[in-house]
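Breakdown of the fold
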Amino acid sequence: MKIVVHGRGTMGTIVKNELGENCFFVNEISEVPLEEENCVVIDFSHFSKIERMLKECKNRKYPVVIATTGYNGDILKNIIETSKEIPVLLSSNTSLGINLLNEMLKDITPKLEETFDIEIIEKHHNKKIDAPSGTAKTLLNTIENSLSEKYNVVYGREGICKRERAEIGVHAVRGGTVVGEHSILFLGDDEVIEITHKALSKRIFAAGAIECAKYLEKKEKNLYTMEDMFKDKGER
Ligand SMILES: NC(=O)c1ccc[n+]([C@@H]2O[C@H](COP(=O)([O-])OP(=O)(O)OC[C@H]3O[C@@H](n4cnc5c(N)ncnc54)[C@H](OP(=O)(O)O)[C@@H]3O)[C@@H](O)[C@H]2O)c1
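1. Focus on unusual backbone geometry
- The residue after alanine 131, namely proline 132, is reached through a cis peptide bond having omega -5°.
- Summarising the element assignment, proline 132 is placed in the loop between strand S6 (117-124) and helix H5 (134-146).
- Backbone geometry places aspartate 190, a non-glycine residue, at a positive phi of 65°.
- Mapped onto the secondary structure, aspartate 190 falls in the loop between strand S9 (180-188) and strand S10 (191-199).

2. With respect to the pairing of strand S3 (residues 39-43)
- Burial within S3 is extensive, with five of its five residues counted as buried.
- Where burial is concerned, the two faces of S3 agree: the one with Cys39, Val41 and Asp43 and the one with Val40 and Ile42 are both buried.
- Bridge analysis of strand S1 (residues 2-6) against S3 gives five bridges, and the strand direction is parallel. Across the sheet, valine 4 pairs through a bridge with valine 41, a residue of S3.

3. Quick look at the site of the ligand
- Near the ligand you find 20 residues, and of these Gly9, Thr10, Met11, His46 and Ala67 are the closest.
- When residues of the shell around the ligand are assigned to their parent elements, the largest contribution, three residues, is made by helix H1 (residues 10-19).
- In terms of residue class, the shell around the ligand is built from four nonpolar, 14 polar and two charged.

4. Side note on the nonpolar core
- Val15, Val41, Ile42, Val65, Ala209, Cys212 and Ala213 are the most contacted members of the largest nonpolar core, which has 38 residues in total.
- Looking at this core, the elements with two or more residues in it are S1, H1, S3, helix H2 (50-60), strand S4 (64-66), strand S5 (87-90), helix H6 (203-217) and helix H7 (226-235).
- Here this core gets eight residues from one element, more than from any other, and that element is H6.
- Ranked by size, the runner-up nonpolar core spans twelve residues in total, among them Leu101, Ile120, Leu140 and Ile143.

5. Side note on the domain arrangement of the protein chain
- For the protein chain, the domain assignment lists domain 1 (2-90 + 202-235) and domain 2 (96-199).
- Distance between the C-alpha centres of domain 1 and domain 2: 27 Å.
- Each partner contributes to the interface: domain 1 provides eight residues, whereas domain 2 provides eight residues.
- Put simply, the parts of the chain that give the side of domain 1 that touches domain 2 at least two residues each are H6 and H7.
- Element by element, the count of residues in the side of domain 1 that touches domain 2 is highest for H7, at three residues.
- For the side of domain 1 that touches domain 2, the per-class residue count stands at three nonpolar, three polar and two charged.

Calculation rules
Residues numbered from 1 in each chain as written. Predicted model: local features only at pLDDT ≥ 70, side-chain atom pairs only at ≥ 80, totals over all residues. Helix = DSSP H or I, 4+ residues; strand = E, 2+ residues; numbered from the N terminus. Buried ≥ 20, exposed ≤ 12 C-beta atoms within 10 Å, placed from the backbone. Pairing = 2+ DSSP bridges. Near = placed C-beta within 6 Å. Nonpolar A, V, L, I, M, F, W, Y, C, P; charged D, E, K, R; others polar. Core = buried A, V, L, I, M, F, W, Y, C linked by C-beta atoms within 7 Å. Domains from an automatic or database assignment. Contact = placed C-beta atoms within 7 Å.

Here it is in structure tokens:
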């Protein structure tokens, strides 16, 4: 299997450096020679490039790990449709730690929802284009799915805006060179539980994405998450 690194930006370069010579490092899938059949794509590009990449992956039957964030609902629909024809793994954060944190939230949210308010704070470098981060959206989604009732999501607060009980606040901080921090706060009467994941370097995302590509090589067409990968590994 050869890995195609799609996106020649910061993350693409780190993945390429981890892989050494044994990969294609491209801006477009069409740059990979047509005779290369046994490839898996790792996508760290820009959301505006996802649909063109999917079309090419579908034509060539290349499984694809989509690590790019910031895409809208239409692109997500396209991703889901494409996964009916080729294996696709979607992950807004390919670090092991964040995925474990996500699992923890499924366990603790139902236990805390009665008596604790829930807020999410994420921090990223000043070059990040989307907010809140794709990871914050994933963590939010996990919390929402673990609650027994529908909560209102409030992005930032300003002015007269007293907190409701069934509400989750989501806050994005941008500045400096912060690689990525995600905190989930459970705030109760006289006690606060705060769970924080800090990415200390971008290499953790590259290593996780390469793991995903190795996993996807052996899979049938479908839409996968890192949760599926960990479950499969646990069962082996
Ligand atoms: N899943 C994860 O764990 C994870 C971790 C980190 C980052 N990410 C996501 O991965 C993606 C890439 O991150 P990065 O740090 O490598 O970003 P980056 O350095 O900005 O590189 C992005 C790539 O997309 C291209 N690009 C940038 N802006 C574009 C535009 N407006 N239109 C078309 N192409 C554009 C760049 O091409 P040029 O080089 O030609 O400008 C480059 O190839 C982002 O969506 C980021 O949020 C995900």
